[in-house]
Amino acid sequence: MPYKLATYFGIGGLVLLGVVFWYQPFANVEDNLFLQENVPFSILEIPKKTTILVFGDVMLDRSVRKYIDEHGTAALFKYVQKDVDAADITLINLEGPITTYESVVSKENLQFTFATHTALDLSVVGVDIVSLANNHTNNFGLSGLKQTRGYLDNAKISYFGDPSNTESQLAYLLKKEKLTVSFVGYHQFENPEFTPIQNKIKEEKQKGNFVVLYPHWGIEYEKKAGAKERDLAQSAVIAGADMVIGAHPHVVQDMDAYEGKPIFYSLGNFIFDQWFTPDVQEGLALLLTFSDNTLVSIELKPFIRERYQPKWLEGDERGAWCNVYTKEVSFQKDSENTCMLSTKEV
């Protein structure tokens, strides 16, 4: 009996000693988090950062289609794939339909159609959202447009916009964590009435969403945006747009700000088979960083297209490009990285 009692007391003592040492670290944590600061634990929550990588025009017919037949769609993204993978969301302007029709494009006939495997290929490389608000997605009529949406649906790629600005197809709402972004498409060259676009922007803004207008507009190969596009951009901001990012001119156009909202009139070509001037081989991508539902920075990512493959500018060349492009920009710039813009105006 004494032996058993000693054993019990010995075991009990060890257990008690273990509890004391086990509790001590947690007692310190509690003191630090609650007793000393007297604040709730949720104060340590870090806002969720979300990134969206936005590109311009993508055309996958003509000689680009021949390149894809030989090398695959993924080869087009060789030099930018790492950044596409790193972004939470990637968006492009899909400059044509995906259909079962044969390619008939020529110098005289700019009627595009992309191979039926295009949507799945784009999904594999990391494209999440496409704009269909342009002058080529209806190249094979309603049948081609319907096929395009079907292939995109099957590949789980979201889309917005319509070549005829059909109101039911104007917008797509992206929801990710606390971020809600409404992308609104606009095609200037067919059914160009802007009032329905303004109404859609207002509607999406009233829901509390961050609203991006992604218009297909402007004059091809002009480096400066026209007065018409500037007026439309300002009208969009007045309606509630938080940002405007344009496509169609095939060259990078200037940027602007209206009431503190950034406006990029054209990002130029992303993937295309145009090489007749340096301007059409140059493009710009935007890396948008959000903290919860607030846009906190825009990184300019200029590139040059080596034949069919976009390749980022680097080092001094990249810095020089951004210095020129942002010369008249009113947004704050990172002193060590002139390609990084804060959304706060100077």
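Residues numbered from 1 in each chain as written. Predicted model: local features only at pLDDT ≥ 70, side-chain atom pairs only at ≥ 80, totals over all residues. Heavy atoms only, no water.

(A) Geometry of empty space enclosed by the protein. Scanning all chains against the criterion turns up one cavity of 30 Å³ or more. Space inside the largest cavity adds up to approximately 40 Å³. Lining the largest cavity are Leu60, Arg65, Ile68, Thr73, Ala115, His117, Thr118 and Asp121. Only α2 (62-71) and α4 (118-125) provide two or more residues apiece to the lining of the largest cavity. Split into classes, the residues belonging to the lining of the largest cavity amount to three nonpolar, three polar and two charged. (1 Å grid on protein atoms, 1.4 Å probe; cavity = no way out; pocket = protein on both sides within 12 Å on 5 of 7 lines; lining within 4 Å. Points joined across faces, edges and corners; volume = space filled by probe spheres on them. Helix = DSSP H or I, 4+ residues; strand = E, 2+ residues; numbered from the N terminus. Nonpolar A, V, L, I, M, F, W, Y, C, P; charged D, E, K, R; others polar.)

(B) Representation of the pairing of strand β1 (residues 49-58) in the model. Across the 10 residues of β1, nine count as buried, placing the element largely inside the fold. Pairing analysis gives six bridges linking β1 to strand β12 (residues 282-291), with the strands arranged antiparallel. If you follow Lys49 over to β12, its bridge partner there is Ser291. As judged from the five bridges shared by β1 and strand β2 (residues 89-94), these two strands associate in the parallel manner. Across the sheet, residue Ile52 finds its bridge partner in β2, namely Ile89. Sheet topology places β1 next to strand β11 (residues 269-271); two bridges connect them, and they run parallel. Bridging from a neighbouring strand, Val58 pairs with Ile271 of β11. (Buried < 20%, exposed > 50% of the residue type's maximum accessible area, 1.4 Å probe, protein only. Pairing = 2+ DSSP bridges.)

(C) Structural view of the nonpolar core. In this structure, Phe55, Leu60, Leu76, Phe77, Ile92, Val130 and Phe270 are the most contacted members of the largest nonpolar core, which totals 38 residues. Only β1, α2, β2, α4, β11 and β12 provide two or more residues apiece to this core. Look past the residues within four positions of Phe77 in its chain and what remains in contact with it is Val84, Leu122, Val125, Val127, Phe270 and Ile271. The next biggest cluster of nonpolar side chains, apart from the first, holds 36 residues, and it includes Phe160, Leu179, Val252 and Leu284. (Core = buried A, V, L, I, M, F, W, Y, C linked by side-chain atoms within 4.5 Å. Contact = heavy atoms within 4.5 Å.)

(D) Fine view of the packing of aromatic side chains. Summed over all chains, the structure comprises 16 aromatic pairs. Between the aromatic rings of Trp321 and Tyr325, the centroid separation amounts to 4.9 Å while the plane-to-plane angle is 25 degrees, which identifies the pairing as stacked. Of this pair, Trp321 and Tyr325 both sit in helix α9 (residues 315-325), four residues apart, which is roughly one turn of the helix. In terms of burial, Trp321 and Tyr325 fall into one category: buried. (Phe/Tyr/Trp six-rings, centres within 6.5 Å; stacked < 30°, edge-to-face > 60°.)

(E) A look at the environment of His216. Locating His216 in the fold gives a position in strand β7 (residues 210-216). It is 4.9 Å that separates the C-alpha atoms of His216 and His187, two residues lying 29 residues apart in sequence. The contact partners of His216, leaving out residues within four places of it in the chain, are Asp57, Asn93, Glu95, Ala133, Asn134, Asn135, Tyr186, His187, Gln188, Phe189, Ala247 and His248.

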